[in-house]
Amino acid sequence: MSGALGPFLLKRLALSLLTLWLLSVVVFFGCQVLPGDPARAILGPLADPRAVAALNEKLGSDRPPVEIYLSWMGGLITGDMGQSYAYRSPVAPFIGSALVNSLKLAATVFAIVVPLGIGAGVLAALRAGRPIDRLISVAGLSLTVIPEFVSSIALILVFAVLLRWLPLSASWPAGSGPLVQLQHLILPALPLVIVLFGYIARMTRAGMVEALSADYTRTAILKGLPWRTVLSRHVLRNALLPTITVIAAQMGYALGGLVVVESLFRYQGIGSLVLGAARAKDFAMLQAGILTVGAFFVVTTLLADIVTTLLDPRLRTGGRR
Amino acid sequence: MSEALPLTEPAPGLAREARTRGVVGRLLRTPSFLIGITILLFWAVCAVFAPSFVPYDPYADDLLNTLQPPSAEHWFGTDQIGRDVFSRVLVGARAILTIAPLATLVGTVAGTAIGLITGYFGGWVDAIIGRLLEVMLSLPLIIVALLVLVALGPSTPTVVVVVGLVFAPLVARTVRAAVLTERHLDYVAAAAVRGESAPYIMSVEILPNITPPIIVEGTVRLGYAIFTIASLSFLGFGVQPPTPDWGLAIAENYGVLIGGFWWTVVFDTAATASLIVGVNLAAESLQRALAE
Amino acid sequence: MTDPAVPPVLRLDDMSVSYRIRGRAVPVLSQVNLSIAKGEVYGLVGESGSGKSTVALAVQRVLPANGRMSGGRALINGRDVGALDRAALLQMRAREVAMVFQDPGRALNPSITIGRQVAEAFEILGASGHEARRRAEEMLTRVRISSPARVMERYPHQLSGGMQQRVVIAMALAKDPSLLILDEPTTGLDATIEAEILDLVDTLRREFGASILFISHNLGAIAGLCDRVGVLYAGRLVEEGPVRDLFADPRHPYTAGLLRCLPRPGLRKDLAPLDTIPGFPPAPGSIPVGCVFAPRCALADETCRTIDPPLVTTGAGRVSRCHHHDRVGDLPHAVPRAAAGTLAPAGASTGTPVLELTALSKTYGSAPYAVQALRDVSLRLMPGQTLGLVGESGSGKSTLAHALLGLIAPDAGGGMALDGAALAPEVRRRTAEQIKTLQIVFQNPDSALNRSHSVRRLIGRAITRLGGLKGAQREAQVTRLLESVRLTARQLSARPRQLSGGMKQRVAVARAFAGNPRLVVCDEPTSALDVSVQAAILNLLAELQAERQVAYLLISHDLGVVRYLSDWIAVLYLGRLLEVGPAARVLDGPHHPYTEALLSAAPSVSGERTGRIRLTGAIPSGVSPPAGCLFHTRCPRRIGPICDTEEPPFTADAHGHAIRCHLPRAELGRSLAPATA
């Protein structure tokens, strides 16, 4: 019965590795080939050609692109992400601590938005066409499209400037306990919650509406099952499966939104790291940061696929019969 | 054949023209569409005509009158170098409403082409292009845009092309899904049996049938283009100073927010939000109207 | 017949149902009256849009959100369903009424095991978990599932359509209902599987004693199963009576028309056209004056057009909603063709065949998952003749058509020749002449016609491509073609969605004939259409063939259609030809046991249930086909180990009739009543 599962996972894993590799090529291309001359990009058009040549040699970017790529990949495999030009120190430790910070923020976001979004979506579907459904749909839709920096400003004005309920800065004092950390994380998390809420609610609602109108739900009703049992046993499971994939896909988006939010709240995460590297034209750092974000997304979608496969018997048991 | 909903198909005799009229008619009776399109039109008018009717030159600084609160002379106050916020907000519609539609156009056209080709040919063409698109989609849009803009340097044409190309995979995914549904219909087989060429089948047979989802995708993308470009400007990689722009203004002034100078960012914030919400209200109404 | 003290199991009192569409109430059922006594099987027959499925939904109060019972009552065991409170309604659904829908694959929850779903039906009745599972297993045995314990561990998608429907029936019977509603329970299933399910229902009705409401468009299925039948037309019950009497002697012009439309044994394209019902059903929501059927009725007069006829008793237990129920026998028949045999008689095999296939094979995928969709198929078709290709799903019929049309490439080694010239596997390597010679009419015109093109453009493009005409010549040719498929210039600017199903299929036929083809593949050309429309399309195809000497490769699962149009018949099973020969010989026998089973699976309106040959077991998977004779796993005539190990020879007799079977011809089955009179 699980005969088809092993090969499926292997294939999925191989595809993820392929995606990762292609990703490294794309990122490398963007950081090393596209600028043409990294040192010139860093030093600006007026710099002394000798200084440019010297810097290129120091960065190693005077070598052929393939060679640079291979040495970069070789470094990555051994955990060496290269040297930061701006900080004049190895990149890897920066990435590590920034990633941990960003994961804390992302976890806060998802802990708030997933139950909220799914709950609202289920409620909207159960009251389809009624005022509460319209309210959730319209609110979700309008909130989804508000850029994080816009909602951040509004939130800062209300909660940090006017009411002074929450700290403005996302960075907590060193040695703070989890509760204080959480307090600092709420305000930066909210803009992302606002963006993701509508999307998750809408997808949940769509899945619910489809499952509610499915023939098998009608079968369950006609069996004489009480509505609660119909809902919990027959509708929810089929309706929420596709939502898992949606949530995973949003992880990647959330990481993108982190760039804006982290910079706005001066939070030391992967987003502000990438942005800082971009501003400083610190290509080694940029390359490593972007690749980390991409890799994180690839891993979450892989996990989501595995979870969906485990939960969906049609996928788990392979094709027909 | 379920007869539960047998009557959604119009009875024979209803002309297509009537259907088109129906879509427009339904739209004009939808409050959310009317609100959305009114907001959009307001900002479009500002984008075109604002420079000729705003009270102050949006570029002119006035170092004696910096950070003035809203007053009769300066309705929205002044910013850190004394420029009139009201004038800058109205004129600020111009940059975003030039770049975003162009970027959307680039993205929709490129995405439609990619989606048609991958969906129609399938096989290894689809596998290879599909994998590349997935790589693109595995990076947050804003980061891809950031990467390219750092490498090439920010300029208006670059922003248009970069945002357009970042959106292309998303449009392509929608178009490809629509093509796959059409691809299995027999009219495509009938055309192949007549000896029609692949470009003919894609453009004349399939394309007209997938226009509604493309239009919807285009309008949705316009909303996100404004979102993305405003965010890029905020991060310093979009519209460059001193051009009046909402995202840029917020980036320049949010540092003084804590000092209580709220007017330097609030109006730009409201403008950005209103434009995006307006576009999305219109897009969503259009989607509903076409689905009915 | 009915004891007045015992209320009928189901009674509809003037029941009307309407749907709200774009703010308007559109009536779907108007004042329907019927009653089903205990133990009775009642058939409700009607074409699409007649409202028959709405009856099933309304009776159980599961109308879609925009539907509403706008008048009358539905009573189950004497209780008004509309007046039940929530708890009583749940009780009624849990104990008294059960329903089986058309598509069993969708009626089962995809993420729960079969065992769990069946057991659930017992748990509602109060059984404990263990008890429920035991009884579920027992019930699966009763619906003739051979290894119920194993099936219970499976998920719906792992079962075949026939098995899924058995499971749904088992769930329905779990509550030992007093009323079982079957809504098109066999539509979408293969003929042999359909026959099995109908037999099962027939057996179970005796075992359980439930009353059955059997809803179907299939007159044959109704005739074989039901005691009484009601005919729905445009939301009204137009006739009702005992099934044998009603089908033998219909008293409403619509019923009579439906019965005459069927291509039954003895009718052939060269003898007479089929009778048809002209016109279309009224548009939903239109308010008819007088009899709803009057616009399509040959008997209609001024009375019919002004006064809505009441239901009148026309005999023992029979009613008809017709002013002229005593004159239905006067309905004019179609005129027999002037000279029988305008077409070359079957069996003439001189000259160059228009189509010749030699050793055509097609394998999908690669080992070990390779599916051989076609195995070594050799066929020939003479100009102006029809070759009927018969087989169940997975038999390779469509693969054959697609290979022929150049949509898929067959395996190397086989050959295709058109008018004696080799036919390249890909369309773009074929000559323009070959492309116009070979065209196709698809099953579903909704899919086959581009919905954003007008009729003028649909046909015009084909004329430009295939006929090479442009400008005014092209316009003239479009008009000529439209006329030849009995459409008018009024339809030129219409888009497909504005046309009825029959009109759309005529446009598709016109398009196929744009380049004067010599061979047209007809892939299930009428199976998406209602019976009354089917007859008209079959007549059209026959006429075009007689006029233009075009050959047809007719793919159909409907033996009636094949019998009417074909000169030759080929029977495919798992991609292999089991039988090929002149139509009359294949149909009359001696024939292959599989052909015999297909013929006896086809239900007939006379309701004869004798001499049926039943196949057991599912159609084997193409991935691991049986060794020896491909058919041996299901063959009722298997003679011994030779069938399991050795593939039978395939040799033709003097008439070109070949049968792939180890049995000698003398021992093979023959039709009891010759198929060709």
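Residues numbered from 1 in each chain as written. Chains lettered and ligands numbered in written order. Predicted model: local features only at pLDDT ≥ 70, side-chain atom pairs only at ≥ 80, totals over all residues. Heavy atoms only, no water.

Colleague: Can you explain the nonpolar core? Please cite residues and give values.
Modeller: Leu-140, Ile-169, Phe-214, Phe-247, Ile-459 and Phe-513 of chain C are the most contacted members of the largest nonpolar core, which has 138 residues in total. If you tally residues by element for this core, the top one is helix 19 (residues 531–548) of chain C, at eight residues. Beyond its immediate chain neighbours, meaning those up to four positions away, Ile-459 of chain C contacts Val-478, Leu-481, Leu-482, Val-507 and Ala-510 of chain C. Ile-247 and Phe-283 of chain A together with Val-166 and Phe-237 of chain B belong to the second largest nonpolar core, which has 134 residues in total. (Core = buried A, V, L, I, M, F, W, Y, C linked by side-chain atoms within 4.5 Å. Buried < 20%, exposed > 50% of the residue type's maximum accessible area, 1.4 Å probe, protein only. Helix = DSSP H or I, 4+ residues; strand = E, 2+ residues; numbered from the N terminus. Contact = heavy atoms within 4.5 Å.)

Colleague: Outline the UniProt feature "domain: ABC transporter" (unreviewed entry) in chain C, listing residues and values.
Modeller: Residue and element names in this part refer to chain C. Using the residue numbers shown here, the UniProt feature "domain: ABC transporter" (unreviewed entry) corresponds to residues 10–259 and 355–599. Structurally, residues 10–259 is divided into 41% helix and 28% strand, and its ends, taken at the C-alpha atoms, are 27 Å apart. Each end of residues 355–599 is marked by a C-alpha atom, and these two atoms are 27 Å apart; helix forms 39% of the span and strand 24%. (UniProt positions renumbered as here; feature names shortened; annotations may be inferred.)

Colleague: Describe the environment of Ala-154 of chain A, and please don't skip the residues or the numbers.
Modeller: Residue and element names in this part refer to chain A. Secondary-structure assignment places Ala-154 in helix 7 (residues 148–162). Its relative accessible area of 38% is what places Ala-154 among the partly exposed residues. Residues Ala-154 and Pro-191, 37 residues apart in the sequence, show an inter-C-alpha distance of 9.5 Å.

Colleague: So, the UniProt feature "domain: ABC transmembrane type-1" (unreviewed entry) in chain B: which residues are in play, and what are the values?
Modeller: Look at the UniProt record and you will see "domain: ABC transmembrane type-1" (unreviewed entry) annotated at residues 93–283 of chain B. Measuring from the first to the last C-alpha atom of residues 93–283 of chain B gives 19 Å, for a span that is 81% helix and 0% strand.

Colleague: Give me the lowdown on the interface of chain C and chain A, citing residues and values where you can.
Modeller: Listed as interface residues are 29 residues of chain C and, on the opposing side, 22 residues of chain A. Roughly 2600 Å² of surface becomes buried between chain C and chain A when both sides are summed, with 56% attributable to carbon and sulfur atoms. Taken as a group, Ser-111, Glu-120 and His-157 of chain C account for 23% of the area that chain C buries against chain A, more than any other trio of residues on that side. Across the chain C-chain A interface, the total number found is three salt bridges. (Buried area = accessible area lost by both parts, 1.4 Å probe. Salt bridge = Lys/Arg side-chain N within 4 Å of Asp/Glu carboxyl O.)

Colleague: Please provide a residue-by-residue account of the interface of chain A and chain B, values included.
Modeller: Taken together, the contacts link 48 residues of chain A with 40 residues of chain B. When chain A packs against chain B, close to 4000 Å² is buried across both sides, 80% of that on carbon and sulfur atoms. Area buried by chain A at its contact with chain B is led by Val-145, Phe-149 and Ile-153 of chain A, which between them contribute 15% of it. For the pair chain A and chain B, the number of links is zero salt bridges.

Colleague: Give me the domain arrangement of chain C: which residues, what numbers.
Modeller: Looking at the assigned domains, one finds that chain C contains domain 1 (1–96 + 178–342), domain 2 (106–176), domain 3 (355–384 + 412–545) and domain 4 (574–667). Once you take the C-alpha centre of each, domain 2 of chain C and domain 3 of chain C turn out to be 44 Å apart. (Domains from an automatic or database assignment.)

Colleague: Explain the confidence of the model for chain B residue by residue, including any values.
Modeller: Residue and element names in this part refer to chain B. Counting all residues, the mean pLDDT for chain B is 85, and 92% of those residues have values of 70 or more. Per-residue pLDDT, averaged within each element of chain B, yields its smallest value for helix 1 (residues 16–28) (66) and its largest for helix 8 (residues 198–206) (95). Low pLDDT, under 50, characterises residues 1–18; the stretch is placed with 34 contacts to residues that sit more than four places away or in other chains. (pLDDT = per-residue confidence, 0-100.)

Colleague: Describe the packing of aromatic side chains, naming the residues involved and giving the relevant values.
Modeller: On inspection of all chains with the given rule, the structure shows 21 aromatic pairs over all chains. Taken together, a centroid distance of 5.0 Å and an interplanar angle of 90° make the contact between Phe-76 of chain B and Phe-86 of chain B edge-to-face. Pair noted here: Phe-76 of chain B is in the loop between helix 2 (31–53) and helix 3 (85–121) and Phe-86 of chain B is in helix 3, with a separation of ten residues, a long-range link. Between Tyr-233 of chain C and Phe-293 of chain C, the aromatic rings sit 5.2 Å apart at their centres with planes inclined by 90°, giving edge-to-face as the arrangement. Highlighted residues: Tyr-233 of chain C in strand 9 (residues 228–233) and Phe-293 of chain C in the loop between helix 11 (253–261) and helix 12 (302–306), separated in sequence by 60 residues. Comparing Tyr-233 of chain C with Phe-293 of chain C shows no difference in burial state: the two are buried. (Phe/Tyr/Trp six-rings, centres within 6.5 Å; stacked < 30°, edge-to-face > 60°.)

Colleague: Please give an account of the side chain of Glu-262 of chain A that cites residues and values.
Modeller: All names here are of chain A. Of note, Glu-262 is situated in helix 10 (residues 227–264). Within the local environment of Glu-262, its side chain forms a polar contact with the backbone nitrogen of Ile-270, the two atoms lying 3.4 Å apart. Not counting residues up to four positions away in its chain, the partners in contact with Glu-262 are Ser-102, Leu-105, Tyr-267, Gly-269, Ile-270, Gly-271 and Ser-272. (Polar contact = N/O pair within 3.5 Å; in protein donor to acceptor, adjacent residues only side chain to side chain.)

Colleague: Account for the sheet that holds strand 5 (residues 79–80) of chain C, with residues named and values stated.
Modeller: Residue and element names in this part refer to chain C. One open sheet accounts for four strands, arranged 2-1-4-5; its pairing is antiparallel. Edge strands, defined here as strands with exactly one partner in the open sheet, are strand 2 (24–36) and strand 5. In the sheet, strand 4 (residues 67–76) pairs with strand 5 via two bridges, with the strands oriented antiparallel. By the bridge assignment, Ile-76 is partnered in strand 5 with Arg-79. Running over the sheet, helix 1 (residues 52–59) touches strand 1 (10–21), strand 2 and strand 4 and is turned about 105° from strand 1. (Pairing = 2+ DSSP bridges. Axes fitted to C-alpha atoms, helices over the stretch in contact; angles between N-to-C directions.)

Colleague: Give me helix 9 (residues 211–235) of chain B: which residues, what numbers.
Modeller: All names here are of chain B. In this model helix 9 runs 35 Å from its N-terminal to its C-terminal C-alpha over 25 residues, within 8% of the 36 Å that 1.5 Å per residue would give. The element helix 9 is largely enclosed, with a buried count of 20 among its 25 residues. Just downstream of helix 9 lies Gly-236, where phi reads positive at about 95°. (Expected span 1.5 Å × (residues − 1).)

Colleague: Quick one: what's the story with unusual backbone geometry, residue by residue and with numbers?
Modeller: Here the amide bond leading from Pro-241 of chain B into Pro-242 of chain B is cis, since omega sits at 5°, within 30 degrees of zero. With respect to the helices and strands, the residue Pro-242 of chain B is situated in the loop between helix 9 and helix 10 (246–253). Despite not being glycine, Gln-31 of chain C shows a phi value in the positive range, around 45°. Considering the arrangement of structural elements, one finds Gln-31 of chain C in strand 2. Its relative accessible area of 48% is what places Gln-31 of chain C among the partly exposed residues.

Colleague: So what's going on with the sheet that holds strand 17 (residues 421–422) of chain C? Which residues, and what values?
Modeller: Residues and elements named next belong to chain C. The antiparallel open sheet is built from four strands, whose spatial order is 14-13-16-17. Looking at strand neighbours, the two that pair on one side only are strand 14 (371–381) and strand 17, the edges of this open sheet. Sheet analysis places strand 16 (residues 415–418) next to strand 17, joined by two bridges and oriented antiparallel. Bridge pairing in strand 17 places Leu-418 opposite Ala-421. Sheet strands touched by helix 13 (residues 397–405): strand 13 (355–364), strand 14 and strand 16. Its angle to strand 13, the strand with the most contacts, is close to 115°.

Colleague: Could you give an account of the UniProt feature "transmembrane region" (unreviewed entry) in chain B, naming the residues involved and the relevant values?
Modeller: When the UniProt feature table is mapped to this numbering, "transmembrane region" (unreviewed entry) covers residues 33–54, 95–120, 132–152, 158–175, 222–240 and 260–283 of chain B. What you have in residues 95–120 of chain B is 100% helix and 0% strand, and the ends, taken at the C-alpha atoms, are 37 Å apart.

Colleague: Describe the pairing of strand 3 (residues 41–45) of chain C, with residues and values.
Modeller: All names here are of chain C. Along strand 3, five of the five residues are buried, which leaves the element largely enclosed by surrounding structure. Across five bridges, the pairing between strand 3 and strand 8 (residues 211–216) is parallel. Bridge pairing in strand 8 links Tyr-42 to Leu-213. The sheet contact formed by strand 3 and strand 9 spans four bridges and is parallel. Across the sheet, Leu-44 pairs through a bridge with Gly-230, a residue of strand 9.

Colleague: Tell me what's going on with the packing of helix 11 (residues 270–280) of chain A against helix 12 (residues 283–311) of chain A, and back it up with residues and numbers.
Modeller: Residues and elements named next belong to chain A. Axis separation between helix 11 and helix 12 bottoms out at 8 Å; the angle between their running directions is 150°. For the element pair helix 11 and helix 12, the recorded crossing hand is left-handed. From helix 11, Ile-270, Leu-273, Val-274, Ala-277 and Ala-278 reach across to helix 12, where they touch Met-285, Leu-286, Gly-289, Ile-290, Thr-292 and Val-293. For the contact of helix 11 with helix 12, the per-class residue count stands at nine nonpolar, two polar and no charged. (Left-handed = near helix turned anticlockwise from the far one by under 90°. Nonpolar A, V, L, I, M, F, W, Y, C, P; charged D, E, K, R; others polar.)

Colleague: I'd like to hear about the packing of helix 7 of chain A against helix 8 (residues 178–212) of chain A, residue by residue, with values.
Modeller: All names here are of chain A. Viewed as axis vectors pointing N to C, helix 7 and helix 8 meet at an angle of 135°, and their least axial separation amounts to 9 Å. Taken together, the axis directions place helix 7 and helix 8 in an arrangement best described as oblique. As helix 7 runs across helix 8, the sense of the crossing is right-handed. On helix 8, the residues touching Glu-148, Ser-151, Ser-152, Leu-155, Phe-159 and Ala-160 of helix 7 are Leu-187, Leu-190, Pro-191, Leu-192, Ile-194 and Val-195. Its residues assigned to classes, the contact of helix 7 with helix 8 shows nine nonpolar, two polar and one charged. (Parallel < 35°, antiparallel > 145°, perpendicular 65-115°, else oblique.)

Colleague: Which residues make up the pairing of strand 2 of chain C, and what are the values?
Modeller: All names here are of chain C. Alignment of strand 1 against strand 2, held across nine bridges, turns out to be antiparallel. By the bridge assignment, Met-15 is partnered in strand 2 with Val-32. Hairpin remark: strand 1 followed by strand 2, antiparallel, with two residues in the connecting loop; positive phi at Arg-22, about 45°.

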